[in-house]
Amino acid sequence: MSGVHDMGGSPGGPIDRDQHEVEDWERLADAINSALGARGLQTTDELRRAIESLENYRDLSYYERWTAATERLLVEKNILTREEIDERAAEIERRWSRP
Amino acid sequence: MTYEPGDHVRVLPSEKPGHVRTPDYLKGKSGWVESLIGAFSNPEELAYGLSGLPERHLYKVGFRQADLWNDYEGPAEDRLYVDIYEHWLEPEERGTK
Amino acid sequence: MSGHHPHEETTTSPYAARIRAIEALLLEKGVLTEPEVQDGISYMEARSPANGARLVARAWMDDGFKELLLSDAKRAASELGMEPEHPAEFVVVENTRYVHNLIVCTLCSCYPRAILGRPPDWYKSFEYRSRAVREPRAVMREFGFEPPEGVEVVVHDSTADVRYMILPMRPTGTEDLDEEELARLVTRNSLVGTDVPRTPEA
């Protein structure tokens, strides 16, 4: 059984031709990935594999998948831990929600 | 296995687990080798941090759309090209199904 | 840090905080440096469909360059000061009176980002990735394009280590235009195949 990402030939509805404005965090997701690649810490193939393994693949946007997959790889390679990412993300969100 | 342009090939209906770059919709389908694109480290192994060596040949393989889809809308000449690694192909006798 | 981003307080994605957290941690641990992250940002900002338009306009004006673009696109791109990705191949396919091409990556939305920058949202959509291989003509009609009678449609699914771009046909009535004016006719969608270039009157 092929993965959910392997969707060539599947039925599909009309194509939404709207273009959303790229957000800064999405630019950052791109940048982190190319920087990690340039350092030899991550390859395009590893990123693809990690994206394909996401259980909530269909619920995430393109850059959400990139971010989730990058996190998965960094944890897998023992560069970061999930706990410290959780902690820091929560701190950042608290900071953003302050008036 | 090395192929020449024009060779008739079939995509293996393999269900091997893990990261692959051969889409499901092509498995078991027949087409022809259009050209050799080059040799690349195997992405199926690079995906897990392995070296991916030795390099594998990547072929541009052509398919008649009418052979891929029962309900294809368009003339018989419409076609699809996909880049497929050598280890996903097997030779096929012309005229077989 | 890559700076304060006031709009992020209003974003609804929980992943915004996660990528910022990842950035902060990687910088603190010295895994990446700020200049490297900045370079990553500048890299994508410097790339756009204008690069593709330049390649096309040059090919329209110069048969030798056209031949090079179709046989060794990476070298052609380098000649115009562009830097394609590596180690992937970069291949340009030509639209003719007989053939109209359409590019898709069903597995993950691969795109010649190093030349054209980010792909459009529609290219990354599940609907496009699902339908482009199976019903390319219906997909193109949604974009308002229909190839003339007798033209074959050829789809390229960039499943592996190749990134594709289309060399569209030069519109008629453009003999008097210079290279810059020609480049302005080349739309991003015409480089992917869901459309053809503008005409001078349009």
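Residues numbered from 1 in each chain as written. Chains lettered and ligands numbered in written order. Predicted model: local features only at pLDDT ≥ 70, side-chain atom pairs only at ≥ 80, totals over all residues.

Caption draft 1: View of the interface of chain B and chain A. Each side of the interface is counted separately: chain B has 9 residues, and chain A has 10 residues. Of the residues in the side of chain B that touches chain A, the class split is 6 nonpolar, 2 polar and 1 charged. (Contact = placed C-beta atoms within 7 Å. Nonpolar A, V, L, I, M, F, W, Y, C, P; charged D, E, K, R; others polar.)

Caption draft 2: Region of interest: the pairing of strand β4 (residues 79-85) of chain B. All names here are of chain B. Here β4 lies mainly inside the structure; 7 of its 7 residues are buried. Here β4 shows no split at all, with R79, Y81, D83 and Y85 on one side and L80, V82 and I84 on the other all buried. Two elements, strand β3 (residues 56-64) and β4, share 7 bridges in a ladder whose sense is antiparallel. If you follow F63 over to β4, its bridge partner there is L80. (Buried ≥ 20, exposed ≤ 12 C-beta atoms within 10 Å, placed from the backbone. Helix = DSSP H or I, 4+ residues; strand = E, 2+ residues; numbered from the N terminus. Pairing = 2+ DSSP bridges.)

Caption draft 3: Representation of the environment of A:D16 in the model. Assignment of secondary structure puts A:D16 in the segment before α1 (24-38). Taking the C-beta count within 10 Å as the criterion, A:D16 has 12 such neighbours and is therefore assigned exposed. Aside from chain neighbours lying at most four places away, what touches A:D16 is C:W122 and C:S125.

Caption draft 4: Region of the structure containing the interface of chain A and chain C. Tallying the contact residues gives 48 residues for chain A and 46 residues for chain C. The element best represented in the side of chain A that touches chain C is α1(A), accounting for 11 residues. Residue composition of the side of chain A that touches chain C, by class: 22 nonpolar, 11 polar and 15 charged.

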